Amino acid sequence: MARSPDVTASPPADLAPRFATAWAALVYALSTMLLAYPALFGQILLNPRSDQYKAGYAFREFAAQSLRTGHGFPQWNSYLFGGMPYIAAMHGDIFYPTFLLRMVMRTDLAMTWEFPIHLMLCGLFTYLFLRAWGFGFYGALIGGLAYLLGGSIAGYAGPGHDGKLFVSTMLPLTLFMLTRGIRDGRAWAWGGFALVVGLAVLSPHPQLFQYMLIADAAFALFVALADHPGYGALPRGVAIRRLGYALGGVIIGCLIGAVQFWPALIEYKSWSPRAAGHDWATATSFSFPIEETLNSYLPQFSGILDNYWGRNTIHFHSDYVGVIVLLLAGAAFGASAYKSFRRFWVGTAIVSLLWAFGGFTPFYQLVYNFVPYTKYLRAPSTMIYVTAFSVSILAALGTERVLAGRVGKRYALGWGIAGLVIAVLISAGGYTALANAIQSSIEYPAGFGPFFAQRVTANTGAAILGAWRSFAFVAVGAGVIWALVTDRLPARTAAISLALLLVVDLWSIERLYWIFSPPAAKLFATDPAIEAIKADIAKSGQPARVWTEALSARIVQGDPAFDGDAMMSHDVRIVGNYHGNQLGMYQDVLDAGNLSQNQGYKILSPQFWRHEDVGYLYTGADDSTLIQISSQLKVPPFTRLAGPVLDAAGSTVYAYKLTPSNEAAWIAPLMVKAPEQQALATVLDPRFDPSRIAIIDTSATDIQAATAQALPAAVSTKAAVSIPLAGAYDITLDQPAIAGQALVVSENYFPGWQATADGKPAAVARTDYNLIGIALPAGARTIQLRFQDAAYVKGKRLTLAAILLAVVLLAVGIVADRRQSVALTTTA
């Protein structure tokens, strides 16, 4: 006999197996490995669309080598953009515990395993959070599966967004800690909460960390102030005190991250190209297009990966929530003991989705104008992970109601009919009409409209097939619910069936974003052109930078030697290429000569080469092209060192040497002071001769500059520079220095550079706008230049103190809770 919905029914008490948490962990691990299994065979999770491919590997291998050789965490990166602080400019998960993996395995494998490890933990932490709120085993299990396999989380693998995944993993764990601390009064939770917040800070992804704290704050208020069935309401004084503990945990957690953010926020912020913040257009770039919410049900609607035709022009992640997840989330609405809990997560889903829409709704004006630090961020669409978590909680609630018999046949039938109608409409021209209407309203970059219009047409078959795929899962999922309601399936079998359907549904889409490649040794292998440049540098004994510029259509799209930082992994110092938070003054030098614009060989500048010690060109251009360039620039012909050869990506490349060679350091006989804008206008002027005068920044109060009556002649003193290590130069002069002379080093200046001349301290100042200048005392011959980041040293001390405090709070809390438990047992 069919069962009607019963608002008083509960899932059978025996649905949870023995060792429930262990079984849940196993399910999450197996579900994760459905996506990650190629890693078991040595494949790595890098692809040309991934930030890890472009830069992440080079950044992490650089630090891993430093740690493996006993040199500790590097503080300076001399390989990119004229040099920059390694810690303050942020180069990924420098201090997040995943760096330990790179100490025991290859860097590329360690980077790969970060993803499945955290994906599995996303599910497990969500499960623990839901169990803490009294959810049954299968409701909690499905909530965790919905979160870990959903596109917003599993899709991080495509663009290589590990920092986002780390913070997304910590979100349910912080909520679990807040539940135990605020609702249950567990003293140990505050030390644990501080440690988890600290991990999220060290991710380091400040934007998602901010969003996590906002979600935590809202949930903390909900737990402290609401009346929860089975628990009641906290006395106001107790609620306020525990909210204070939560705030203290956030403060301690933020201090745990001081080793990373003290240098970044306190020291580097004003030197960053982002120092002034973003205007509205930049801050709202990569907002979540409203129409792309259709991807949550129909993942092929706006096109997957190379078929994407939407407003953001690139889209390397997934928006798919999952048909079974949506089916179960819809079942959450109705009579339930979790009414206030459901209301909170519905509200969170709505607010976070509006936030993710960014500039597409007026709501984001409030965020932009009133939420701190928003003007320094962009891509509000990244808030979508909070929406995804909220929907996962609703899916768990829906599962509880389905298993308790509170969902009727009409619900299942309604979903089946809706899924069929959508599939028919999409197939009968609905996709074409809607997609063309949306596409025609989009303002693409000039010339890209026809290209994306073609993608709309090419995507038609995939969208239609996808609509029927979604309907198939709707039909089977609704059928399971129907069978449960009509007593044709026992509750346990129905729960397992829904969980399996959910996994298969999400896996069938998210697997497309887990793109594996051969090991880094092959992916970023050297080539004869790179080796020729390195050999020539070694032969000269002097450092020099390499300009990597395609200048040819024979370069493979996405080649990391040109579109990324692959050369860094070969210990080659390059002029660019990919970072995003390089020193602002270096960027000013690029922009001043229109050097960073992609305008063919016009971007080449002999003045810039001289200023930045550019000695080599790694390119796809052949001799005839280089002859034209040298003729136009009126410089001596380039000397070909190697080529044509194939690089690791399959591009045809050449290596050239510039003549005459530029210098890594030189002596200027006279120092003058000038405002920075005047210095910037001067250093790339062809008439400026840096070997005759050094322009010291006016902020250098410890250097006495002269007033130039006439330009002195260049001196014959030569500076021999050893090949620099990370943050270390050793320079020898072939003649004793004369008082008043300056040694100028072609490396970016930043506070922390310290110099000695013959063992005695020498004044260091920003020189020639962005370079390092050292005031030489009379007779100096040997100069040592070292970078020591004082903010890192201070931040490290704060981090260690905060970790110690959090651990003490955790240990003391565990002891206090045990004593209280014993006392209550004795009293009883």
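These figures come from a predicted structure and were not determined experimentally. (Residues numbered from 1 in each chain as written. Predicted model: local features only at pLDDT ≥ 70, side-chain atom pairs only at ≥ 80, totals over all residues. Heavy atoms only, no water.)

Asks: Explain helix α8 (residues 188-201) to me, please; I cannot follow it from the model alone.
Replies: Given 3.6 residues per helical turn, the α-helix brings residues three or four places apart onto the same face. The terminal C-alpha atoms of α8 lie 21 Å apart, and with 14 residues this matches the ideal 20 Å at 1.5 Å per residue to within 8%. Of all 14 residues in α8, twelve are buried, a share of seventy percent or more. What α8 keeps buried is the set W188, A189, W190, G191, G192, F193, A194, V196, V197, G198, A200 and V201. (Helix = DSSP H or I, 4+ residues; strand = E, 2+ residues; numbered from the N terminus. Expected span 1.5 Å × (residues − 1). Buried < 20%, exposed > 50% of the residue type's maximum accessible area, 1.4 Å probe, protein only.)

Asks: Where do I start with the nonpolar core in this structure?
Replies: As a rule of thumb, nonpolar side chains are buried together in soluble globular proteins. Core analysis: the biggest nonpolar cluster contains 246 residues, and F129, F219, F341, Y385, W514 and L743 have the highest contact counts within it. When residues in this core are grouped by element, the largest group, twelve residues, is from helix α16 (residues 384-403). Contacts of F129, omitting those with residues within four sequence positions, involve P172, L175, F176, T179, F219, F341, W345, F389 and I393. Membership of the second largest hydrophobic core comes to 13 residues, among which are A694, V744, A763 and A765. (Core = buried A, V, L, I, M, F, W, Y, C linked by side-chain atoms within 4.5 Å. Contact = heavy atoms within 4.5 Å.)

Asks: When you look at the environment of L165 in this model, what are you seeing that I'm missing?
Replies: The topology assignment puts L165 in helix α7 (residues 162-183). Looking at L165, the relative accessible area reads 1%, which means it is buried. Separated by 46 residues in sequence, L165 and L119 have C-alpha atoms that sit 7.7 Å apart. Setting aside anything within four residues of it in sequence, one finds L165 in contact with E114, F115, H118, L119, C122, I153 and Y156.

Asks: Which parts of the structure should I look at to understand the side chain of S381?
Replies: Take S381: it is sitting in the loop between α15 (363-370) and α16. Setting aside its immediate chain neighbours within four residues, S381 contacts F286, S287, F288 and A356.

Asks: Quick question: what am I supposed to make of the sheet that holds strand β11 (residues 728-733) here?
Replies: Neighbouring strands of a sheet are bound in pairs by backbone hydrogen bonds; such pairs are parallel or else antiparallel. With antiparallel pairing, five strands are arranged side by side in an open sheet as β10-β11-β17-β13-β14. Where the open sheet ends on each side, the last strands, each with one partner, are β10 (719-721) and β14 (760-762). Averaged over all pairs of adjacent strands, the angle between their axes in this sheet comes to 30°, without regard to strand direction. By the bridge criterion, five bridges tie strand β13 (residues 753-757) to strand β17 (residues 782-787) in an arrangement that is antiparallel. Paired with W753 across the bridge in β17 is F787. (Pairing = 2+ DSSP bridges. Axes fitted to C-alpha atoms, helices over the stretch in contact; angles between N-to-C directions.)

Asks: Is there a simple way to think about the layout of surface pockets in this case?
Replies: Over the atoms, a rolled probe matching the size of one water molecule traces out where space is still vacant. Approximately 820 Å³ is the volume found for the second largest pocket. In terms of lining residues, the second largest pocket is bounded by 33 residues, among which F62, Y79, P724, L725 and A726 are the most central. Looking at the lining of the second largest pocket, the elements with two or more residues in it are α2 (51-68), α22 (528-540) and β17. Across the lining of the second largest pocket, the residue classes break down as 18 nonpolar, ten polar and five charged. (1 Å grid on protein atoms, 1.4 Å probe; cavity = no way out; pocket = protein on both sides within 12 Å on 5 of 7 lines; lining within 4 Å. Points joined across faces, edges and corners; volume = space filled by probe spheres on them. Nonpolar A, V, L, I, M, F, W, Y, C, P; charged D, E, K, R; others polar.)

Asks: What exactly am I supposed to notice about the packing of helix α4 (residues 107-132) against α16 here?
Replies: Pairs of packed helices are described in terms of their axes, by the angle between the two and the distance that separates them. Axis separation between α4 and α16 bottoms out at 12 Å; the angle between their running directions is 50°. Classified by the interaxial angle, the pair formed by α4 and α16 is oblique. When the axes of α4 and α16 are compared, the crossing they make is right-handed. Residue-level contacts link T126, F129 and L130 of α4 to F389, I393 and A396 of α16. Looking at the contact of α4 with α16, its residues break down into five nonpolar, one polar and no charged. (Parallel < 35°, antiparallel > 145°, perpendicular 65-115°, else oblique. Left-handed = near helix turned anticlockwise from the far one by under 90°.)

Asks: What is the right way to look at the packing of aromatic side chains in this model?
Replies: The description of two aromatic rings rests on the distance between their centres and on the angle between their planes. Within the structure shown, the criterion is met by 59 aromatic pairs. Ring plane angle 35° and centroid distance 6.1 Å describe the contact between F129 and F341, whose orientation is recorded as tilted. On the criterion of sequence distance, the pair formed by F129 in helix α4 and F341 in helix α14 (residues 339-357) is long-range, its members being 212 residues apart. Centroid distance W609 to F638: 6.0 Å. Interplanar angle 75°. Geometry classified as edge-to-face. In this pair, W609 sits in helix α25 (residues 606-611) while F638 sits in the loop between α26 (623-633) and β5 (639-646), placing the two residues 29 residues apart along the sequence. This pair shows no difference in class: W609 is buried, exactly as F638 is. By the ring-pair criterion, three or more aromatic residues cluster together here, those being F129, W133, F135, Y147, F219, F222, Y231, Y338, F341, F344, W345 and F389. One residue, R183, lies across the ring of W133, its end atom 4.6 Å from the ring centre. Sitting over the ring of Y231, R183 keeps its end group 3.9 Å from the ring centre. (Phe/Tyr/Trp six-rings, centres within 6.5 Å; stacked < 30°, edge-to-face > 60°. Lys NZ or Arg CZ within 6 Å of the ring centre and 35° of its normal.)

Asks: Hey, could you run me through a nonpolar patch on the surface in this one?
Replies: The grouping of L413, I417, V421, L425 and W482 at the surface amounts to a nonpolar patch, some 460 Å² of accessible area in total. Broken down by element, the nonpolar patch gets its largest block of residues, four residues, from helix α17 (residues 409-441). Along the polypeptide, L425 turns up in helix α17. Note on L425: relative accessible area 53%, which makes it exposed. (Patch = residues over 30% accessible without salt bridge, like charges linked within 9 Å, V, L, I, M, F, W, Y side chains within 5 Å. Areas by Shrake-Rupley, 256 points an atom, 1.4 Å probe, with all protein chains shown as cover. Salt bridge = Lys/Arg side-chain N within 4 Å of Asp/Glu carboxyl O.)

Asks: Mind showing me how you'd approach the pattern of salt bridges here?
Replies: Side chains that carry opposite charge are capable of pairing whenever their charged atoms lie near each other. Evaluated as defined, the whole model comprises 22 salt bridges. Measuring nitrogen to oxygen at the nearest pair gives 3.0 Å for the salt bridge that ties R102 to E114. Placement of the pair is R102 in helix α3 (residues 101-104) and E114 in helix α4, with a sequence separation of twelve residues. A salt bridge links E612 to R545, with the nearest nitrogen and oxygen atoms 3.7 Å apart. Separated by 67 residues along the polypeptide, E612 in the loop between α25 and β4 (614-619) and R545 in strand β3 (residues 545-549) bring together distant segments of the chain. Taken as a pair, E612 and R545 share a single burial class, namely buried.

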